[in-house]
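Coordinate analysis (summary)
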Amino acid sequence: MIDFNRPHLTGNEVKYIQEAVTDFRQISGNGVFTKRCQHFFEEKYGFKKCLLTTSCTDALEMAAILCDIQPGDEVIVPSYTFVSSALAFVRAGAKIVFADSMERNPNIDAETIEALITPRTKVIVPVHYAGVACDMDRIMEIAGKYHLLVVEDAAQAIDSFYKGRPLGSIGHFAAFSFHETKNIISGEGGMLVVNDDRFVRRAEIIWEKGTNRAEFFRGEVNKYGWCDTGSSFLPSEIIAAFLWAQLEEMDSIQSKRKALWEEYYHRLKPLADTGRFHLPDIPAYATNNAHMFYLVCNSLEERTAMIQRLKEHDIQAVFHYLSLHSSPFYRTKHDGRSLHHCDHYSDALVRLPMFYDLKTEDVEKIYNIIAL
Ligand SMILES: *Cc1c(COP(=O)(O)O)cnc(C)c1O
């Protein structure tokens, strides 16, 4: 059986958890491992301020609070994304205005955004699908023109770039995920990035249950108290210790995944050239971080047949998002526009097995079934 995903362990996870528990004796949050992980990202990618969270969803909820979303504010989100990209803002009272995907890849079509802006628009949420960058220059230009904030949903976008700039460093905020289905994992886990100085202090307070406890522990104030809204967004040191074991091995994890991705691509290219399906399209401004390997079939029927054929050979391939604008929760609130590209990806995109411990022979086997 070839699973769709299998979490990869580097070997030091339990050792570092043991250290957190017995050596440092701090298992609540914001300890040695949390700081180590946050500094790693700040230094490697130039993110201004990083705060670990218990999930990417939590990081997006923090971003919604920091954007000061009020009931009735509008947030532009692609319809082809995970629920959390929209839900975090809905919880704060926002109305979601769904945007379509591009024809060439599932990312938000930046050229359609301007027409969706109204006086109530506050935020744009570009989602870097499969770790491939959205057209961030265009999105930041529109945001600047209309004084909007940009929250990058970088859940899948670790170690990926737009015109040489790290994803997560371009928007006012970014949210990453370390869920066990991502490249770098901690079971559940995430991180908020704050790139705009204006929001750094407030972010830390919201993270720590609305208190200035982080400042107190740095010795900047002599007592701490209730300053603002917030929640308990920070993960325990047990999660941070696990994450550190993964971050130390990031380069080898990334290069292994990229090699597997290339193997898929080169094997499948001749078949794609015959028109049987489309391969992922990576624009010249973007890099590939090998988060996912997907194909876009020509129809729902062809995709169903492909998933079935792979399943008969013990290979687990899976479809992905169902358009959020036609979801049971949001369809009655959606303004009725049809979003064709998004619906096509909902019907026709299929993801193939992709994980660190996948073997080149497995890719060959999968290719042989697809080629039948
Ligand atoms: C995985 C994912 C999320 C949610 O991440 P969690 O850490 O599970 O909350 C959000 N957005 C996108 C695009 C994702 O892929």
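This part is about the pattern of salt bridges. Side chains carrying opposite charge are able to pair once their charged atoms draw close together. Under the defined criterion, the tally for this structure stands at 25 salt bridges. For Glu204, the salt bridge goes to Arg218, with nearest N and O atoms at 2.8 Å. With Glu204 in helix H6 (residues 200-207) and Arg218 in the loop between helix H7 (213-217) and helix H8 (237-247), the pair connects residues that are 14 residues apart, well separated along the chain. Taking the relative accessible area as the measure of exposure, Glu204 reaches 8% and is therefore buried.

For the ligand, the set of nearby residues contains 14 residues, the closest of which are Thr57, Asp153, Gln156, Ser177 and Lys182. Thr57 has a polar side-chain atom sitting 2.5 Å from an oxygen atom of the ligand. Take Asp153: an N or O atom from its side chain is 2.8 Å from a nitrogen atom of the ligand. In isolation the ligand has 390 Å² of accessible area, and contact with the protein removes 92% of it. The pocket occupied by the ligand, as judged from atoms lying within 2 Å of grid points, is the largest pocket. Here the residues of the shell around the ligand are counted per class, giving 5 nonpolar, 7 polar and 2 charged.

Once that is clear, we can look at the packing of helix H10 (residues 300-312) against helix H12 (residues 360-371). Packing of H10 against H12 leaves a shortest axis separation of 10 Å and a crossing angle of 130°. Comparing their axes, H12 and H10 come out oblique. The hand of the H10/H12 crossing is right-handed. Contacts between H10 and H12 pair Met306, Arg309 and Leu310 from the former with Ile366, Ile369 and Ile370 from the latter. Split into classes, the residues belonging to the contact of H10 with H12 amount to 5 nonpolar, no polar and 1 charged.

We now examine the sheet that holds strand E5 (residues 149-153). The pairing of strands in a sheet happens through backbone hydrogen bonds and is either parallel or antiparallel. If you trace the 7 strands from one edge of the open sheet to the other, you get E1-E9-E8-E5-E4-E2-E3, paired in mixed fashion. Of all the strands in the sheet, the pair left with one neighbour each is strand E1 (49-53) and strand E3 (95-99). Going from strand to strand, the sheet's axes swing by 25° on average, the running direction of each strand aside. Alignment of strand E2 (residues 74-78) against E3, held across 5 bridges, turns out to be parallel.

This part covers the state of the cysteines. Between two cysteines, a covalent bond joining their sulfur atoms is known as a disulfide. Summed over all chains, the structure comprises 0 disulfides. With no disulfide of its own, Cys56 lies closest to Cys50 among cysteine sulfurs, the gap being 13 Å.

This brings us to the packing of helix H3 (residues 56-66) against helix H4 (residues 83-90). Running from N to C, H3 and H4 point in directions that differ by 40°, and their axes come no closer than 8 Å. Put simply, H3 runs oblique to H4. Between H3 and H4 the crossing geometry is right-handed. Here Thr57, Leu60, Glu61 and Ala64 of H3 lie close against H4, whose contacting residues are Ser84, Ser85, Ala88 and Phe89. Residues of the contact of H3 with H4, tallied by class, amount to 4 nonpolar, 3 polar and 1 charged.

Basis of the calculations
Residues numbered from 1 in each chain as written. Predicted model: local features only at pLDDT ≥ 70, side-chain atom pairs only at ≥ 80, totals over all residues. Heavy atoms only, no water. Salt bridge = Lys/Arg side-chain N within 4 Å of Asp/Glu carboxyl O. Helix = DSSP H or I, 4+ residues; strand = E, 2+ residues; numbered from the N terminus. Buried < 20%, exposed > 50% of the residue type's maximum accessible area, 1.4 Å probe, protein only. Near = heavy atom within 4 Å. Polar contact = N/O pair within 3.5 Å; in protein donor to acceptor, adjacent residues only side chain to side chain. Areas by Shrake-Rupley, 256 points an atom, 1.4 Å probe, with all protein chains shown as cover. 1 Å grid on protein atoms, 1.4 Å probe; cavity = no way out; pocket = protein on both sides within 12 Å on 5 of 7 lines; lining within 4 Å. Sits in = over half its atoms within 2 Å of the grid points. Nonpolar A, V, L, I, M, F, W, Y, C, P; charged D, E, K, R; others polar. Axes fitted to C-alpha atoms, helices over the stretch in contact; angles between N-to-C directions. Parallel < 35°, antiparallel > 145°, perpendicular 65-115°, else oblique. Left-handed = near helix turned anticlockwise from the far one by under 90°. Contact = heavy atoms within 4.5 Å. Pairing = 2+ DSSP bridges. Disulfide = S-S within 2.5 Å.

Scope: geometric values only; no functional claims are made or implied.
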